[in-house]
Amino acid sequence: EFLTMSTCKRLLHFARHRNVWTHVRRSVTTWSPVGAAFNAKPARRAELRLQSAGLFGVPELSCPAGFQVAAKSALRNTELLVGRACSCPPGVETVESFDQLSDGLCRVADLADFVKVAHPDPAFREAAEKTCIDIGTVVEKLNTNVELCKSLKNLLDDPDVVAQLDPDTRRVAELFMFDFEISGIHLDDKLRKEAVALHVKLLDLNNEFLVGSNMPNRIARSVIPEHLHLQFASEGSFIQVGGLHADSPDDLVREIAYRIYLHPNADLMNCLEELLKCRYKMAKLVGYESYGHRALKGTMAQTPGSTAASFMSIFWFVFHVRYNIEPSLYSPYLSLGACMDGLNILFSQLYGVSLMSEHPSTGEVWSEDVRKLAVVHETEGLLGYIYCDFFHRSDKPHQDCHFTIRGRRRCQDTGQYQLPVVVLMLSLPHPTKSAPTLLTPGMMENLFHEMGHAMHSMLGRTRYQHVTGTRCATDFAEVPSILMEYFATDYRVISQFARHYQTGQSMVARLCESKKVCGAADTQLQIFYAVLDQIYHGKPQNRSTTEILEEMQQKFYGLPYTPNTAWQLRFSHLIGYGAKYYSYLMSRAVASMVWRQCFVQDPLNREMGERYRREMLAHGGAKEPMLMVEGMLQRRPTMEDFVDALVSELNPNFETFIMDSES
């Protein structure tokens, strides 16, 4: 390939200035402590001789065998709490026992759920995976424990007792009963045992698909043009492709990645087919028309039919808006430290909350580049901890996500709140000798999105762990994260932190154009994903998942299906969001209404921030989602309002763009 003259000039300029970053950043830009922590390269920790504090400060987890110790302890405590729940008189104590039971199991299972996909040590991953299966099996047996269910039913069937419960306690009791019902508690012994066996099988299939969907594919090096070898990871005589390389400017790199990464895997295909069959069989066994009907009970959507119909009505409004946005123009202004500064400023203005970098203890984190943040309120003090696993690792899933490690709840014995602990996982490039980690606008938006989940966990004030933070209806759980995307692309927010990592110069002009980049096409893609998910979880089809994919792609998406690919095998959301992927669209509609009505005039308004925390973030799942939306908007939206909100998102406001750029 030949270099153009302008490229040569840029390279010459870069060569002259590549060593200036360290000097200039000290004299020109001033980062807050949290910004400086994320713009600095992680220092190697010379603490090998110190005793390990254990992962997340859990002493047992200083070695893989500790998972078995933690699991046994949790299961012993489970037996005691089951006995207490079954023997105490119906009332608040019954619900508290259930919640303590949930908390004890979740504190081990949630932590293991994260470690099994993120820890670089295979021994830790294997131990965590076994723990997930062991705890999951116990949970499924508890969900079909007749005596345990009877203790809760006695409570809910007594109107005098129910009348004495506060709203949160009553809702949590009803949610626990719902878990019993969808697990088949009403079945006879034989069918109940069949339901348990199906649940256990689904745990294995879920895990197999989740692991497989994140595994890289490989191809012989000789098949790939030699000049492109450095674009991919190497494995002896093979090239590994672990993602779509969607941000690559090279068309050929993107095409190679697409065809290889999405190449069908027969074993994983069989796993997915069996997974969908088992979900349908389970749903029918416990009395539902389909798995989709079972999954949507208790959500804002309620039924699959109304949801799919809404998507199709949106589809007909879709049109395409495109801008020629070059991410590299913005990246120097979006260092990771600058973006963390921006989040710190935003949270301080809206909620009176600060992000403070802390040095983790020996053995507390699983990789030396993981950062630990304390979340501190100006009057309430320490709210919780966020572990930031932000940087790319070869053995780490290429998916941005939020993990709850420990949920908030009010401890009955002390009256204090248990501090929540979460992990945010991204896959950002590492800093170099000449520059900190620089984000594209898309990476910045993803960072803000995941931090929205984290703050949902931090700012909750629920009495019960079972409904803390993101433990709420799936189609509401994405509202706080999607709302953060609006802040991430508002020029008044960006102007607070977007500064060149070398010169300190601010840049807002044209940055906000990224908000509408392929906006309609992105929405159309989400509609396609959501409808595909609904079809997969509806009544069985006498055709393969790939044939269904091809038809739905032709019907709901503008790009044709590429032969000999199986994108559905990379659709890991089928596990955590099975039959609920529409949640992103529903949540976007709610977030759009909240943004337009409450924040668009002043995105840094403290009064509105406090109202948002009070009405939407504080309750987790302890309040009906539509009631939280109604409290924030001060009106009850209809399904038509949701559709209108999504359609309005597709209408670009060019006048606003001009104002943003000129500002």
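Above this text you will find the structure in question.
Now for a description of the structure that goes with this document. All of these numbers come straight from a predicted model, not from anything done at the bench. (Residues numbered from 1 in each chain as written. Predicted model: local features only at pLDDT ≥ 70, side-chain atom pairs only at ≥ 80, totals over all residues. Heavy atoms only, no water.)

A closer look at the packing of aromatic side chains
Inspection of every chain in the model, using the stated rule, returns 26 aromatic pairs. Relative to tryptophan 595, the ring of tyrosine 486 lies with its centre 5.7 Å away and its plane at 25°, an arrangement referred to as stacked. Note that tyrosine 486 is positioned in helix α18 (residues 479-488) and tryptophan 595 in helix α23 (residues 583-599), a separation of 109 residues in sequence. Tryptophan 595 shares its class with tyrosine 486; the two are buried. (Phe/Tyr/Trp six-rings, centres within 6.5 Å; stacked < 30°, edge-to-face > 60°. Helix = DSSP H or I, 4+ residues; strand = E, 2+ residues; numbered from the N terminus. Buried < 20%, exposed > 50% of the residue type's maximum accessible area, 1.4 Å probe, protein only.)

Regarding the nonpolar core
With 135 residues, the main nonpolar core has Met340, Ile386, Phe390 and Phe599 as its most contacted residues. At 11 residues, the largest contribution of residues to this core is made by α23. Beyond its immediate stretch of four places on either side in the chain, methionine 340 contacts Val34, Phe38, Leu355, Leu373, Phe390, Leu447 and Met451. One finds Phe98, Cys149, Phe176 and Phe180 within the second-largest nonpolar core, a separate group that totals 29 residues. (Core = buried A, V, L, I, M, F, W, Y, C linked by side-chain atoms within 4.5 Å. Contact = heavy atoms within 4.5 Å.)

Points about the side chain of histidine 500
One can find histidine 500 in the loop between α19 (491-494) and α20 (519-536). Judged by relative accessible area, histidine 500 falls into the buried class, the value being 13%. At a separation of 3.0 Å, a polar atom in the side chain of histidine 500 contacts the main-chain amide nitrogen of glutamine 502. (Polar contact = N/O pair within 3.5 Å; in protein donor to acceptor, adjacent residues only side chain to side chain.)

Topic: the side chain of arginine 570
With respect to the helices and strands, the residue arginine 570 is situated in the loop between α21 (545-556) and α22 (573-576). Summary of buried charges: arginine 570 has no salt-bridge partner, and the nearest side chain of opposite charge, glutamate 235, is 12 Å away. In this structure arginine 570 touches Gly212, Ser213, Asn214, Met215, Pro216, Asn217, Tyr261 and Leu262, once residues within four positions along its chain are discounted. (Lys, Arg positive; Asp, Glu negative; His and termini not counted. Salt bridge = Lys/Arg side-chain N within 4 Å of Asp/Glu carboxyl O.)

Comments concerning the pattern of salt bridges
Close approach of charged atoms allows side chains of opposite charge to pair. The full count for this structure, using the stated rule, is 33 salt bridges. The salt bridge involving aspartate 103 is made with arginine 409; its shortest N-O contact spans 3.0 Å. Separated by 306 residues along the polypeptide, aspartate 103 in helix α5 (residues 92-118) and arginine 409 in the loop between β7 (401-406) and β8 (421-428) bring together distant segments of the chain. Comparing aspartate 103 with arginine 409, the two get one shared label, buried. Note that glutamate 624 and arginine 171 form a salt bridge whose closest N and O atoms lie 3.3 Å from each other.

Looking at helix α24 (residues 606-617)
Considered for burial, the residues of α24 that qualify are Met608, Gly609, Arg611, Tyr612, Arg613, Glu615, Met616 and Leu617. Of the residues flanking the start of α24, the one acting as N-cap is asparagine 605, its side-chain oxygen 2.9 Å from the backbone nitrogen of glutamate 607.

As for the sheet that holds strand β1 (residues 217-220)
Across the sheet, three strands lie side by side as β1-β3-β2; this open sheet has antiparallel pairing. In this open sheet, the two edge strands, each paired with only one partner strand, are β1 and β2 (233-235). Strand-to-strand twist in this sheet, taken as the mean axis angle between neighbours without regard to direction, amounts to 35°. Strand direction decides the pairing type here: β2 and strand β3 (residues 238-241), joined by three bridges, are antiparallel. Residue pairing for β3: glutamate 235 is matched across the bridge by phenylalanine 238. (Pairing = 2+ DSSP bridges. Axes fitted to C-alpha atoms, helices over the stretch in contact; angles between N-to-C directions.)

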